[in-house]
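Chain by chain, the residues:
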Amino acid sequence: MNEVRLTNSGVQERTIFVRSSGESLVFVVDNENEDCDTYLVYSTSQLGTQYYVASYKPYATRFSSLLCISSIYPNTSINITTPAGETVQIILKRYESYLFDRNEGEDLSGTFVQSNKPIAVISGVITYVPDEKVCCLDGLIEQLPPVHSWGYTFTLTPFLSLNYGYVYRVFTTIHSATLIMSDGNITHIADESFYEEDVTGDTVVSFTSDQPVMAVQYMKGSHANMPDRGDPSMLIVAPNTAFTADVTFPVIEYTGGHTYYINVILECDYVMDDGVLLDGTHFTSSDSLSSSDNSMCCLRSNVSIGHHTVSHTNPTARFSVIVYAIGGESSYAYAANAYGAAEYLPTQPETESTTDVTAVTAPITNNYTCAGSNSSLAANEQTSINLEDIENFNVTSENVVEVVQVLAESTDRPDCIFTDTDIMLVGNALEKIANVGDGSQEVTQSVVKTVNNILRTANSNVPPTRQIRNNSTTRIILAVERQVAQALQQTDQVNVVESNIAVEGVRFNSSTYNFTGIGFGILTPVMTSFTNDSTRTYYEESSITQDGPTGYIFLSKDTVEELLTKYSDLTFVFVAYRNDFLFPSKKASKLDLSVEGFILSANVESDGKTVNLNDPADPVVIENKKDSESPTSFSRDSCHFPESSCVSWDFDLNGTGGAGDWSSEGCTYLGVNKDGRRVCHCNHLANFAMLVYHGENTINSRALNILSKVGCGLSVAALTITVTIFTLFRRLRTRPRNILIQLCVSLIALYLIFVVAIDHTCPRHACTVVAVLLHYFLLTTMAWMAVEARYLYIKLVRWYDPESDGFVIKSAVAAWGIPAAITAISLASFKSYQNEHYCFPKVGLVTHLGILLPIALVLIHNVICFVLVLRSIFRPRPGVGGRVRSESEKNEKKILTKRFQNTIAISCLLGLTWVFGFLAIDDAVIVFQWLFCIFNAFQGVFIFIIFCLKQKDVREVVTASFRSRCGRSTTTSGSRKDKSDTFHGSPSDATCDTPISSRKTTNMSVVEDTSGMDNKGIELDVQN
């Protein structure tokens, strides 16, 4: 290895670059001349731009304290400042390394290293620990973590078989730190310095800091105490936040008769359940140590050479593993999961034969695979790249160009299908890049290219995932707009066109604006990729007519001049998307809608802030040509959008600051003009699109529509007949039937409003009124069902006539008044009634407390009444003087019993029906839609059958009425003889004219003998 050794101080072209086709761990091993140490190499995703050096005082002046700094980017500027105040400035090319040493015996601990791009820093020294009085000296070497990865809580543990303790140091940044030890002691550390402590014996040290710190642990030399074993070693202690659920590590064999050990550090609670596993089997430790507060524990044991994995039976357990070897004259130690797992270096090496040296490594992890049908890979092959390392970079103004170029190159994989995780990582990275504020052409072009690479996924044969993670699509959309706006701070016009996205930016002020408007258009046909000739910027409306663009967006002269009166300088950012991959809409998916044409975006900024366009002088005009494959007619009655609906992307839908969704708020569809473009007018600026219905679930939708129309139509007709019968015939208007009339009226109102208006979300105010009315009549319906149950409870359990104390009047006040009060209170949450999906309250407090809770209470009340009435019915009730009740009482009870059973059935069924309806509305679950239609659409028909057709007295009254009218008609039109004949005719004719009252024999209800009935119906009171 002499050909790659760093032999002299200064810049050298020696850096080892490692690339792996799978997840890997890379170690550097120093095993020469009885000097040994090892360290886990950090991935480049974990590198940073700020470091503080952890080292130790060299033994004598002939030994050096060394720093090795390696660059992974070109033109990396580095500043080194030692504790003595010495400053060194260097510039490194990609894969160059710089060796910084001091032969004066100076301890470089606390040296500050800062760069403009991520670098790797390795610290080394040959020394004794804790001092030269202890034999023997050894080489200490570690790769240092950047400041941004430092932690707050640490646990340090002693080494097995070395009972003379260890030394540790805690390093601070420019901020001083306070350490709270597990034993309650408090230690203060000044800024840019370190705290050192010599720990004796087998002591576990645990502490928490109020500032980020770095902890370093040193193994003492062999003569610190007996037995005479081991040399010094250094390891970077992983913060507790870096603990993981499993750790895989190698135990590296060293020459010289070493013994190998591991320390497993974890919370003591996870030690008690004895769940630690080594290579899948129970881990048998030599001993168990704990911190002074018994919060953190350490299990120590010997381990064999080779690869091992430590895990835990409890999936929530997290731990760290320290691996170390102790020999007669050498030792090593490292933390197996220090600061997380290794990641992938995003920058490709210039040549595969690079022989540059020292410690920069990069295992690749499989973040997404390219195995789509149009992939050039074999079916069983995968190619992988990692976006996480790019997203985790500390992006600065100095490295933003390189980072965004790497991002664009890494995502430029036509054969790849991006997962939701990839989209999330790209969104986070683009947000960081845009936040830097670099408006250069290189950055802007790379940002747009990256987004184009993402949009290309939508053109693949493999459908992209529609999941939304951490609002990643929102981050991408906003990052593009912000980047173009920043570019306009350096130039007056920006134009970047890729195959799936085109952006145009224009900047002017009141003195430079002399046009008749501002607009942006796409000339390319809908199904064709964008080219450099695809876009146009329009300053005159007449130019649009000449070009005949496929789609465009335009702001009138009056609108622009109105903005210029408020803002001195304006930047207009226009974006066109070929597909809706970045706009995953729950609403469109649920309603079988899709975007037709391009998505056109317009945004205005002034002094870096977005300008809200409220009530412009003229509407914003958006036009898109109709796709040749779009439907020419529209047949879905329950859709929330017309055949073509103008919508804009509202980022606040699906949660504030959430993933967003399409909204028709503020936009109006005007139809198709003579040029074949659909015309929209909107009163704001946003991402605009045209939604059309393509009928993916045509059979299901039509079946539901037909079922609901037929059922609700029949129910309304049946309920209307029921109300008419009980209203016209005075003999049928008893108290119980007055309750039924009120219930039917409430149901009729509910059915009519629901069927006619629930789908008509526009205009919005009318939809809100419909939602309020539906809420009210739903509650009144349930209230009248409760009144029915209460009436029968009083009649049969309390055994007195409820009519004597004005029950019906009081019930009417309650059944109509309480729902009104609940609805009025719910109106305090007015936005709950503004539902874009349906004219029905949104899921939330109103639906839970104002709808579902009252329904549940009514059902509970009805069930209780039902149980109590059953108990009363089936319990013998003696009459006066021990006599049983009269036969008429028994008949009445039988009648009321059957009526109560049907009432409870209807009450329960009605309540469940509206639960199904609510679920169908909110979740669009097909099964709930069908349940709702089946159980609710024909409910009015069921009431008519039970309370009219199956009631003997109702049948008799209606039949007699028709026969009576029939007889009078015959008398009027015929001779006197005819009338006499009819009057004295057959018994059937006589029955036709016989008054119903003449057949009443008592003041009790005339009822059908139900002794032989087989649950055929219910008889109601018909009083004299």
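Values in this document were obtained by computation on a predicted structure and should not be read as measured data. (Residues numbered from 1 in each chain as written. Predicted model: local features only at pLDDT ≥ 70, side-chain atom pairs only at ≥ 80, totals over all residues. Heavy atoms only, no water.)

### Some details on the overall build of the protein chain
Applicable threshold: Per the convention used, a helix needs a DSSP run of H or I reaching at least four residues, while a strand needs a run of E reaching at least two, with both numbered from the N terminus. For every residue, the accessible area obtained with a 1.4 Å probe (protein chains only) is divided by the maximum for its type, and the residue is called buried under 20%, exposed over 50%, and partly exposed between those limits. In what follows, residue pairs with any heavy atoms lying within 4.5 Å of each other are defined as contacts. Note on areas: these come from Shrake-Rupley sampling with a 1.4 Å probe, and a residue is covered only by the protein chains present in the view.
Scanning the protein chain from terminus to terminus reveals 20 helices and 44 strands. Relative to its 1024 residues, the protein chain shows a buried fraction of 54%. Looking at the protein chain alone, contacts between residues at least 24 apart form 76% of all its contacts between residues at least 6 apart. Accessible surface, the protein chain: about 43400 Å² in total, of which carbon and sulfur atoms supply 52%.

### A closer look at the sheet that holds strand β27 (residues 331–335)
Test applied: Strands qualify as paired when DSSP identifies two bridges or more between them. Note on geometry: axes are lines fitted to C-alpha atoms, helical ones only across the stretch in contact, with angles between N-to-C directions running from 0 to 180 degrees.
Strand order in the open sheet formed by five strands is β23-β24-β20-β26-β27, and the pairing between neighbours is antiparallel. The sheet is open, and its two borders are formed by β23 (287–290) and β27, each paired with just one other strand. The sheet shows a mean angle of 20° between the axes of neighbouring strands, direction not considered. Across seven bridges, strand β20 (residues 259–267) lies against strand β24 (residues 296–302) in antiparallel orientation. Note that in β24 the partner of Ile265 across the bridge is Cys298.

### Structural notes on the packing of helix α3 (residues 400–411) against helix α5 (residues 441–455)
The test is simple: We call two directions roughly parallel when the angle between them is under 35 degrees, roughly antiparallel when it is over 145, roughly perpendicular when it lies between 65 and 115, and oblique otherwise. Should the near helix be turned counterclockwise from the far one by less than a right angle, the crossing is left-handed, whereas a clockwise turn marks it as right-handed. Residue classes follow a fixed rule: Ala, Val, Leu, Ile, Met, Phe, Trp, Tyr, Cys and Pro count as nonpolar, while Asp, Glu, Lys and Arg count as charged, and any other residue, Gly among them, counts as polar.
Running from amino to carboxyl end, α3 crosses α5 at an angle of 25°, the nearest separation of the two axes being 8 Å. Taken together, α3 and α5 sit at an angle that is classed as roughly parallel. Note that α3 runs across α5; the crossing there is left-handed. Along the contact surface, α3 presents Val400, Val401, Val404, Gln405, Leu407, Ala408 and Thr411, while α5 presents Glu442, Val443, Ser446, Val447, Lys449, Thr450 and Asn453. In terms of residue class, the contact of α3 with α5 is made up of seven nonpolar, five polar and two charged.

### Side note on the sheet that holds strand β34 (residues 535–538)
Spatial strand order, β34-β33-β35-β39-β43-β42: six strands in an open sheet with antiparallel pairing. Taken across any chain shown, the strands that pair with only one partner, and hence form the sheet edges, are β34 and β42 (667–672). Averaged over neighbouring strand pairs, the angle between their axes works out to 15° when direction is ignored. Pairing between strand β33 (residues 517–522) and β34: four bridges, direction antiparallel. Paired with Ile522 across the bridge in β34 is Thr535.

### Quick look at the nonpolar core
Using the following cut-off: As used here, the term nonpolar core means buried Ala, Val, Leu, Ile, Met, Phe, Trp, Tyr and Cys residues forming a set that is joined through side-chain atoms within 4.5 Å.
Judged by nonpolar contacts, the single largest core of 89 residues is most densely connected at Val113, Leu430, Ile433, Ile501, Tyr577, Leu582 and Trp662. Leave out the neighbours within four places in its chain, and Leu582 touches Val451, Ile454, Leu455, Thr473, Ile476, Ile477 and Tyr577. Counting residues in hydrophobic clusters, the runner-up holds 42 residues, among them Ile741, Tyr751, Phe807 and Val941.

### Notes on the state of the cysteines
A covalent bond between the sulfur atoms of two cysteines is referred to as a disulfide. We count it as follows: Throughout, disulfides are identified as pairs of cysteine sulfur atoms within 2.5 Å of each other.
Tallied over the entire structure, the rule returns four disulfides. The residue that forms a disulfide with Cys268 is Cys297, at a sulfur-sulfur distance of 2.0 Å. Residues Cys268 and Cys297 are joined through a disulfide that is right-handed, its torsion about the S-S bond being 100°. With Cys268 in helix α1 (residues 268–272) and Cys297 in strand β24, this residue pair connects regions lying 29 residues apart in the sequence. The pair formed by Cys268 and Cys297 is uniform in burial state, with each residue classed as buried. Disulfide pairing is shown between Cys767 and Cys839; the S-S distance is 2.1 Å. Handedness here is read from the sign of the S-S torsion; for Cys767 and Cys839, about -125°, the answer is left-handed. Placement of the pair is Cys767 in helix α12 (residues 764–798) and Cys839 in the loop between α13 (807–826) and α14 (845–874), with a sequence separation of 72 residues. Overall, the relative accessible area of 1% leaves Cys767 in the buried class. Left unpaired, Cys948 is separated from the closest cysteine sulfur, that of Cys744, by 7.6 Å.

### Focus: unusual backbone geometry
Even without glycine at this site, Asp279 takes up a positive phi of about 55°. With respect to the helices and strands, the residue Asp279 is situated in the loop between β21 (276–278) and β22 (281–282). The phi dihedral of Asn294 is positive, around 60°, even though this residue is not glycine. Asn294 gets classed as exposed once you look at its relative accessible area, which sits at 52%.

### Comments concerning the side chain of Ser123
The cut-off we apply is this: Side-chain atoms alone can form a polar contact between residues adjacent in sequence; in general such a contact is a pair of N or O atoms within 3.5 Å, and within protein one must be able to donate a hydrogen while the other accepts it.
Inspection of the secondary structure puts Ser123 in strand β10 (residues 112–127). A distance of 2.8 Å separates the side chain of Ser123 from the backbone oxygen of Ala54, its partner in a polar contact.

### Some words on the packing of aromatic side chains
The geometry of two aromatic rings is summed up by the distance between their centres and the angle between their planes. Put simply, the test is: A pair of aromatic rings is counted whenever rings of Phe, Tyr or Trp (Trp by its six-membered ring) have centres within 6.5 Å, and the orientation is called stacked for planes under 30 degrees apart, edge-to-face for over 60 and tilted otherwise.
Counted according to the given criterion, the structure contains 25 aromatic pairs. Ring plane angle 80° and centroid distance 5.2 Å describe the contact between Phe583 and Trp649, whose orientation is recorded as edge-to-face. A residue pair is termed long-range when its members are at least 10 positions apart, and Phe583 in the loop between β36 (569–577) and α9 (586–590) and Trp649 in strand β40 (residues 644–650) qualify at 66 residues. Assessed through its relative accessible area of 1%, Phe583 is described here as buried. The exposure class of Trp649 is buried, given its relative accessible area of 3%. When the ring of Trp649 is compared with that of Trp662, the centres are 4.8 Å apart and the planes differ by 85°; the resulting orientation is edge-to-face. With Trp649 in strand β40 and Trp662 in strand β41 (residues 661–663), this pair connects stretches of sequence that are 13 residues apart. Relative accessible area serves as the criterion here: at 1%, Trp662 is assigned to the buried category. One aromatic cluster is present, formed by Phe508, Tyr513, Phe515, Phe520, Tyr539, Phe572 and Phe574 through successive ring pairs.

### Thoughts on a nonpolar patch on the surface
We apply this condition: Like-charged residues within 9 Å of one another, or nonpolar side chains (Val, Leu, Ile, Met, Phe, Trp, Tyr) within 5 Å, are grouped into patches, provided each residue has over 30% relative accessible area and no salt bridge. A pair is scored as a salt bridge if a Lys or Arg side-chain nitrogen falls within 4 Å of a carboxyl oxygen belonging to Asp or Glu.
Together, Leu845, Leu849, Leu853, Leu857, Ile860, Ile864 and Leu868 make up a nonpolar patch on the protein surface, roughly 650 Å² of accessible area in all. For Leu845, a relative accessible area of 61% corresponds to the exposed category.

### Things to note about the side chain of Thr722
Mapped onto the fold, Thr722 is located in helix α10 (residues 698–728). The residues touching Thr722, leaving out its near neighbours within four places in the chain, are Cys744, Phe944 and Cys948.

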